[in-house]
Each structure stands twice: as C-alpha cells, then as structure tokens.
Amino acid sequence: MNYWLVKSEPEAFSWDQLVKDGETVWSGVRNYTARNNLKAMEKGDLVLFYHSVTGKEIVGIAKVSRVAYPDPTADSVAWVATDIQPVKPLKHPVPLTAIKEDARFKDFSLVRQGRLSVMPVDKELYDAILAMSQKA
DNA sequence: GCCAACGTTGGC
DNA sequence: GCCAACGTTGGC
C-alpha cells in the first residue's frame, strides 16, 4: 500500500466532478517524474486530491482503481494513465499554507517541487494530513 | 553531451 | 497578471 498526491486545477477537473463521475481516467501527464510515479501506483493505493491554483488545498481521498496503462490521450505509448475513484472528502480541506507552516512537511514534494503533479506521500505525512483534516 | 532558450506550471 | 522554478528542446 502506497500513498500519493495528485494535483488538478478545479477549473479543469475538480474533486466534485470526480465524485459526480464515480471514476475518472487520470491522463494527460506529460512529465517523466510524474509519469514514473503513476507507473508505480498499485491498485487500492490511496491518493490525496489537491486543488492547485484555485483553492490550493487537499480536498479529498481517492483510490487507484486501475494501474497504469497507455494514456489514451497521448500519441506515444511512453505516457500512461491510471483510473481513480473517490473514497471520501476530507472533513476540512488542508490548505497548502498549513502544510508549509508545519516542519514535518519541509521535504514534501508539494512544497519542494511545486510543479510536480503526481508525487508519493510518506505514510507518516499521509497520516499527518488526515489528522490535520479533522481539525477546523 | 552541454547549455541557452523556451514553455509551462502554479504560487503570490 | 506577474514571475520564479524547472523540465524540455534544439543548436552547437
């Protein structure tokens, strides 16, 4: 079991849309680091869903329902997609500012490598984020 | 194979 | 809307 975080601009694809659809194809990744992370996902892995640009907060938990396969939106088989399903929304979204303020996250990719759109999350950090989401 | 130029992402 | 960071591209 691994933990991940994916980013999406809510204008492009939001958590609400994922809940409404029940499942989505996580495609369109065109960055090798992010691609490698997608490939490392296993079925059932949990994925934190982060809204970038508008919101800048982690809003929900999803899970991997299908492991990496060739991205249907790409011309090349080099790129992959996965399928994800919503699990549950966070009670309180965890904003990027709160993560930046917390020393436990100083090496977290969301802080260190702002442009990466798919990243692994240590279990300790995943648990910490869930704990933060319980508090207002 | 290096590195400058360019494009994109995403926080502010 | 601006700009910093950084990945990618392409010339040499």
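Everything below is about the structure shown above.
The model shown is predicted, which means the values in this text are computed figures rather than measured ones.

(A) Region of the structure containing the overall build of chain A. Helix and strand counts for chain A come out as five helices and six strands. Each helix and strand of chain A, ordered N terminal to C terminal, gives the series β-α-β-α-β-β-β-α-α-β-α. Rg of the C-alpha trace for chain A: 14 Å, near the compact-globule value of 14 Å for 136 residues, within the 12% margin. Expressed as a percentage of its 136 residues, the buried residues of chain A come to 46%. For chain A, the computed accessible surface area is about 7300 Å², with 49% contributed by carbon and sulfur atoms.

(B) Highlighting the nonpolar core. Counting residues in each nonpolar core, the largest one holds 40 residues, and the members touching the most others are Leu-5, Trp-26, Phe-49, Ile-58 and Phe-108. With residues up to four places along the chain from it excluded, the contact list for Phe-49 reads Val-6, Ser-8, Phe-13, Ser-14, Trp-15, Leu-18, Trp-26, Glu-57, Ile-58, Val-59, Gly-60 and Ile-84.

(C) View of the pairing of strand S1 (residues 3-8). Where burial is concerned, most of S1 is hidden: six out of the six residues are buried. Taking every second residue as pointing to the same face, both faces of S1 are buried, with Tyr-3, Leu-5 and Lys-7 on one and Trp-4, Val-6 and Ser-8 on the other. Relative to strand S6 (residues 118-120), S1 runs antiparallel, the two being bridged by three bridges. Within the sheet, the bridge partner assigned to Trp-4 lies in S6 and is Pro-120.

(D) Local environment of the protein's contact with DNA strand C. Around DNA strand C sit Asn-31, Tyr-32, Arg-112, Gln-113 and Arg-115, and those are all the residues in its vicinity. Among the atoms of DNA strand C close to the protein, meaning within 4 Å, 67% are from sugar or phosphate groups. Between Tyr-32 and DNA strand C, the recorded distance is 3.4 Å, taken from a backbone N or O atom to a phosphate oxygen. Residue Gln-113 places a side-chain N or O atom 3.0 Å away from a phosphate oxygen belonging to DNA strand C. For the surface near DNA strand C, the class distribution of residues is one nonpolar, two polar and two charged.

(E) A look at the pattern of salt bridges. For the structure shown, the criterion picks out five salt bridges. Asp-127 is paired through a salt bridge with Lys-123; the nearest N and O atoms lie 2.8 Å apart. A residue pair is termed a helical-turn pair when its members lie 3 or 4 positions apart in one helix, as Asp-127 and Lys-123 do in helix H5 (residues 123-134) at four residues. Connected via shared salt-bridge partners are Lys-106, Asp-107 and Arg-112.

Criteria and thresholds
Residues numbered from 1 in each chain as written. Chains lettered and ligands numbered in written order. Predicted model: local features only at pLDDT ≥ 70, side-chain atom pairs only at ≥ 80, totals over all residues. Heavy atoms only, no water. Helix = DSSP H or I, 4+ residues; strand = E, 2+ residues; numbered from the N terminus. Rg over C-alpha atoms; globule rule 2.2 N^0.38 Å. Buried < 20%, exposed > 50% of the residue type's maximum accessible area, 1.4 Å probe, protein only. Areas by Shrake-Rupley, 256 points an atom, 1.4 Å probe, with all protein chains shown as cover. Core = buried A, V, L, I, M, F, W, Y, C linked by side-chain atoms within 4.5 Å. Contact = heavy atoms within 4.5 Å. Pairing = 2+ DSSP bridges. Near = heavy atom within 4 Å. Polar contact = N/O pair within 3.5 Å; in protein donor to acceptor, adjacent residues only side chain to side chain. Nonpolar A, V, L, I, M, F, W, Y, C, P; charged D, E, K, R; others polar. Salt bridge = Lys/Arg side-chain N within 4 Å of Asp/Glu carboxyl O.

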